[in-house]
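Single-letter residue listing:
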Amino acid sequence: MELTHIAKTVMEKRYLRMKEDGTRETPDEMLRRVARVIAAVEEKYGASKKEIRAVEERFYQLMDRQDFMPNSPTFTGAGTALGQLSACFVLPVGDSLPEIYETMKQAALIHQTGGGTGFAFSRLRPAGDVVRSSQGVASGPVSFLRVYNASTEAIKQGGTRRGANMGILRVDHPDILQFIESKADITQITNFNISVAITDAFMEALEKGTEYELINPRNGEVTGKLSAKLVWDKLVENAWKTGEPGIVFIDRINRRNPNNHVEVIEATNPCGEQPLPPYGSCNLGSINLANFVKNPYTDRAEVDWERLGEVARTATRFLDNVIDANKYPLPQIAEKALRDRRIGLGIMGWAEMLVQMGLPYDSEEAVALGNRVMTFIKQKALEESMALAEVRGPYPEWEGSQWHKAGLKVRNATLTTVAPTGTISLFAARPDLPCSGGIEPKFALVFTRNQAGALMLDVDGQFASIARREGWYSDELMQQVADRGTARGVSGVPEKWQRIFATSHDITPEWHVRMQAAFQGGDGLPVDQQPVDAAVSKTINFPHHATVEDVGKSYALAWQLGLKGITVYRDGSRASQVLTTGDKT
Ligand code: CDP
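Along each chain, the written sequence defines residue order, and numbers are assigned to residues from 1. Selection of residues for local features in this predicted model requires a pLDDT of at least 70, selection of side-chain atom pairs for listing and counting requires 80 or more, and totals for whole chains, interfaces and linings are taken over all residues. Excluding hydrogens and water, the side-chain values take into account all heavy atoms of the structure.

Here we look at the overall build of the protein
The secondary structure content of the protein amounts to 21 helices and 21 strands. Relative to the globule expectation of 25 Å for 585 residues, the C-alpha radius of gyration of the protein, 24 Å, shows essentially globular dimensions. By principal-axis analysis of the C-alpha atoms, the protein measures approximately 75 × 60 × 50 Å. Throughout, the Shrake-Rupley method with a 1.4 Å probe supplies accessible areas, and for residues the shown protein chains are the sole cover considered. Of the roughly 23,200 Å² that the protein leaves accessible, carbon and sulfur atoms contribute 51%. Separation between the mean location of the 67 positive side-chain charges and that of the 72 negative ones in the protein comes to 3 Å. Numbering of helices and strands runs from the N terminus; a helix is a DSSP stretch of H or I covering at least four residues, while a strand is a stretch of E covering at least two. Values of the radius of gyration come from C-alpha atoms, whereas the globule rule sets the reference at 2.2 Å times the count of residues to the power 0.38. Residues counted as positive are Lys and Arg, residues counted as negative are Asp and Glu, and His and the chain ends are not counted. Each charge is placed at NZ for Lys, CZ for Arg, CG for Asp and CD for Glu.

What follows is the structure, given as structure tokens:
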């Protein structure tokens with residue numbers, strides 16, 4: 001493994017474990033530990049010692065070559081007393097005090113293990129509704145959202161990361177307007193992302209310009225009506241202001257869930273890429289696409305389909321094993337995980353693959369290739385899942401599923417997800433070949449960093465190596481790129497590379513949405529041909545001067561192109577932005 005400086009630092013701080021002799025394991029020992037624990041599962045399915053060793057070596061190679069990385073909890077949890085390996089959970093919130101507080105406790109236990117939690121607050125009766133036992137009035141979903149937020153604030157996540165949550169409310173809940181405004185003050189509810197669950201009935205009302213009904217979940221009674229346009233406009237305006245709430249198209253999510261014969265999905269995990277039923281969980285892992293280009297940077301550049309296919313299959317086996325190696329935080333979660341055997345194989349390093357292929361992110365060719373690559377990975381994951389089903393059996397809930405109806409005997413209810421890969425993309429990055437998270441474009445090519453009073457240039461490894469190789473690298477030029485926040489329009493950079501090195505702010509929101517759609521796949525695809533079974537993590541970036549109407553157009557396009565959800569971010573709309581381009585820090 002060839003790690004960047006930052007990857008080493010992150011690993012040392014949070015991922016490498018203390019060994020029994022009191023010294024810290026090395027990154028290589030960490031990979032060995034994970035490979036050993038995940039391969040050991042094979043014994044359960046009749047593998048010999050020799051076969052297990054061979055599988056362990058394959059798993060180790062996947063990670064050591066930086067071709068594939070499992071989600072963070074698998075690194076921090078494998079072979080430990082906690083032993084929790086999944087990143088994503090959804091818990092139900094029932095409409096009674098004992099249920100509300102029980103779920104809050106369960107979430108705390110999950111956060112301790114490094115997992116993130118999503119909740120729908122849609123079953124809670126609205127604020128001001130009757131509470132028979134106390135003769136009082138209900139405080140409603142938004143107040144309990146605040147209580148959950150405070151609980152998360154009070155605990156740290158397993159020493160590894162702080163708790164992350166997703167809070168969801170159906171658009172037909174009577175408290176929807178209050179919910180939409182709940183994060184207008186950006187200093188509030190900071191441990192939650194929030195999203196509105198948009199129904200088909202709402203979209204129909206929006207298209208027709210009519211009102212839609214609000215329903216009290218306690219008794220199913222219609223409590224009033226709202227103009228769909230009014231609610232949509234408020235949503236869009238708040239998203240423009242602060243990036244929140246996002247939206248998820250909940251009926252579409254359920255229609256396209258291969259496992260929809262046994263469950264109803266009402267929420268997603270914190271970053272939105274994994275819609276899950278109550279007590280659902282999922283372990284994720286991502287392939288580093290930057291490693292799969294033959295003849296990179298030449299006219300003969302092509303995807304190494306053969307090796308990509310092999311890695312996708314081994315990774316699928318790895319993720320299926322994780323389900324058995326996992327120690328689940330709750331019995332209800334263990335039961336559901338073992339009945340559905342959900343996995344989420346995804347990708348990262350898409351931006352770096354495109355540069356090697358010579359394709360700008362904002363081009364028809366790139367969008368077409370994105371769809372092709374993800375459909376191919378899905379196909380290979382499906383082949384492996386079917387091969388596993390032959391030996392290990394299909395997942396217990398398989399009968400009646402969309403897979404079953406299509407005549408496909410599979411081991412896993414869902415196979416593919418595009419995660420943000422916030423940390424594991426760092427582990428996959430090499431000094432000269434970075435790895436951007438998920439399907440995101442490069443955020444910037446040159447950052448300026450203030451190191452002990454001196455301004456240092458931090459140049460994207462791919463950009464720097466091309467510039468050096470072709471002889472146009474200079475500190476002055478890199479400074480110009482840093483100041484502009486893009487290579488486009490910087491005359492010292494050859495025109496070809498100005499186009500190819502597209503950064504998130506060069507790319508219009510429409511291209512961002514179209515790329516997300518290319519990976520997600522639209523409505524009406526057969527279950528084996530939808531590239532992503534779960535969903536795609538993506539931020540649709542807007543420049544600071546974008547208008548509310550611009551954001552509205554992206555939300556509408558998301559619906560048209562078959563996205564399961566959308567999250568936007570307008571530059572500078574939140575005070576504490578982690579990454580900034582241009583201005584020196
Ligand atoms: O790269 P890494 O495996 O650490 O995670 P990611 O791909 O950025 O995020 C995947 C999922 O992990 C998120 O959607 C959350 O469910 C969970 N997560 C979390 O619980 N807390 C965080 N600080 C980051 C991610």
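Side note on the site of the ligand
Here a residue counts as near a molecule or strand whenever at least one of its heavy atoms sits within 4 Å of it. Taken together, 19 residues sit near the ligand, with Ser 72, Arg 161, Asn 269, Thr 421 and Gly 422 positioned nearest. Between N or O atoms, a polar contact is any pair within 3.5 Å; within protein, one atom must be a potential hydrogen donor and the other a potential acceptor, and residues adjacent in sequence are included only when both atoms are from side chains. One of the side-chain N or O atoms of Ser 72 is found 2.4 Å from an oxygen atom in the ligand. With respect to the ligand, the side chain of Glu 273 contributes an N or O atom lying 2.8 Å from an oxygen atom. Compared with its free state, where it exposes 530 Å², the ligand has 89% of that area covered by protein. Each residue receives one of three labels: charged for Asp, Glu, Lys and Arg, nonpolar for Ala, Val, Leu, Ile, Met, Phe, Trp, Tyr, Cys and Pro, and polar for the others, Gly being one of them. In terms of residue class, the shell around the ligand is built from eight nonpolar, nine polar and two charged.

What about the pattern of salt bridges?
Proximity of charged atoms lets side chains of opposite charge pair with each other. We define a salt bridge as a side-chain nitrogen of Lys or Arg found within 4 Å of a carboxyl oxygen belonging to Asp or Glu. Under the defined criterion, the tally for this structure stands at 41 salt bridges. Close ionic contact of Asp 67 with Arg 307 constitutes a salt bridge, the shortest N to O distance being 3.0 Å. Highlighted residues: Asp 67 in the loop between α3 (49-64) and β1 (68-70) and Arg 307 in helix α11 (residues 305-325), separated in sequence by 240 residues. Close ionic contact of Glu 153 with Arg 162 constitutes a salt bridge, the shortest N to O distance being 3.4 Å. Judged by relative accessible area, Arg 162 falls into the partly exposed class, the value being 34%. One network of salt bridges, in which partners are shared, links Glu 42, Lys 44, Arg 313, Arg 317, Asp 320, Asp 324, Arg 341, Lys 380, Glu 383, Glu 384, Arg 392 and Arg 411. The classification of residues rests on relative accessible area computed with a 1.4 Å probe and restricted to protein chains. Under 20% of the type maximum is buried, over 50% is exposed, and intermediate values are partly exposed.

Quick look at the packing of aromatic side chains
We call Phe, Tyr and Trp rings a pair once their centres come within 6.5 Å, taking the six-membered ring for Trp, and we label the pair stacked below 30 degrees between planes, edge-to-face above 60, and tilted otherwise. Summed over all chains, the structure comprises 19 aromatic pairs. Pairing Trp 232 with Tyr 555 gives two aromatic rings, centres 5.9 Å apart and planes at 80°, and the pair type is edge-to-face. Remark: Tyr 555 occurs in helix α21 (residues 548-560) and Trp 232 occurs in helix α9 (residues 228-242); sequence separation between them is 323 residues. Taken individually, Trp 232 and Tyr 555 each receive the classification buried, so the pair is uniform in this respect. These aromatic residues form a ring-pair network of at least three members: Phe 119, Phe 121, Tyr 148 and Phe 192. In this scheme, the term charge over a ring applies when either NZ of a lysine or CZ of an arginine sits within 6 Å of the ring centre and within 35 degrees of the ring normal. Taking NZ or CZ as reference, Arg 252 lies 5.4 Å from the ring centre of Phe 249, over its face. Sitting over the face of the ring of Trp 559, Arg 252 holds its NZ or CZ atom 4.2 Å from the ring centroid.

Some remarks on the side chain of Asn 254
Locating Asn 254 in the fold gives a position in helix α10 (residues 250-255). A distance of 3.1 Å separates a polar side-chain atom of Asn 254 from the backbone oxygen of Ile 250. Working rule for contacts: check all heavy atoms of both residues, and any pair within 4.5 Å makes them a contact. Apart from the residues within four sequence positions on either side, Asn 254 is in contact with Asn 260, Glu 263, Val 264 and Ile 265.

A look at the packing of helix α13 (residues 350-357) against helix α14 (residues 364-392)
What describes two packed helices is the angle between their axes and the distance between those same axes. Helix axes are fitted to C-alpha atoms over the stretch in contact, other axes to C-alpha atoms as well, and angles between N-to-C directions run from 0 to 180 degrees. In the contact formed by α13 and α14, the axes pass within 12 Å of each other and the chain directions differ by 120°. As judged from the angle between their axes, α13 and α14 are oblique. Classified by chirality, the crossing of α14 by α13 is right-handed. From α13, Trp 350, Met 353, Leu 354 and Met 357 reach across to α14, where they touch Ala 366, Leu 369, Gly 370 and Val 373. Per-class residue counts for the contact of α13 with α14 are seven nonpolar, one polar and no charged. Should an angle lie under 35 degrees it is considered roughly parallel, over 145 roughly antiparallel, and from 65 to 115 roughly perpendicular; all remaining angles are considered oblique. Crossings are sorted by hand: turned counterclockwise from the far helix by less than a right angle, the near helix makes the crossing left-handed, and turned clockwise it makes it right-handed.

Points about the domain arrangement of the protein
Here the protein is partitioned into domain 1 (88-268) and domain 2 (444-500). The domain boundaries here were taken from an automatic or database domain assignment. One C-alpha centre belongs to domain 1, the other to domain 2; they are set 43 Å apart.

Quick look at the confidence of the model for the protein
On average, residues of the protein score 95 in pLDDT, and 97% of them are at 70 or above. For every residue, the pLDDT score states the predictor's confidence, bounded by 0 at the bottom and 100 at the top. Contacts for the low-pLDDT stretch residues 577-585, under 50 throughout, to residues beyond four places or in other chains number 24 contacts.

Topic: the packing of α11 against α14
At a closest axis distance of 8 Å, the pairing of α11 and α14 adopts a crossing angle of 50°. Considering their axes alone, α11 and α14 lie oblique with respect to each other. Here the hand of the crossing between α11 and α14 comes out right-handed. Judged by residue contacts, Trp 305, Leu 308, Gly 309, Ala 312, Arg 313, Thr 316, Arg 317, Asp 320 and Asn 321 of α11 engage Arg 372, Val 373, Phe 376, Ile 377, Lys 380, Ala 381, Glu 383, Glu 384, Ser 385, Ala 387, Leu 388 and Arg 392 from α14. Residue classes in the contact of α11 with α14 are distributed as nine nonpolar, four polar and eight charged.

Digging into the pairing of strand β8 (residues 211-215)
Along any regular strand, the residues point their side chains to alternate faces of the sheet. For two strands to be treated as a pair, DSSP must find at least two bridges joining them. In the sheet, β8 pairs with strand β9 (residues 222-227) via five bridges, with the strands oriented antiparallel. Opposite Tyr 212, over in β9, you have Leu 226 as the bridge partner. What sits between the antiparallel neighbours β8 and β9 is a turn of six residues, in which Gly 220 has the positive phi angle 75°.

What to know about helix α18 (residues 475-484)
Those residues of α18 that sit buried are Leu 477, Met 478, Val 481 and Ala 482. Along the long axis of α18, the arc covered by the buried residues comes to 145°, so they all point the same way. Of the exposed residues in α18, the ones pointing more than 90 degrees away from its buried face are Glu 476 and Arg 484. On its buried side, α18 packs onto β17 (446-451), β18 (454-459) and α17 (461-470). At the C-terminal side of α18, Gly 485 shows a positive phi close to 80°. In this description, the arc belongs to the directions extending from the helix axis to the C-beta atoms.

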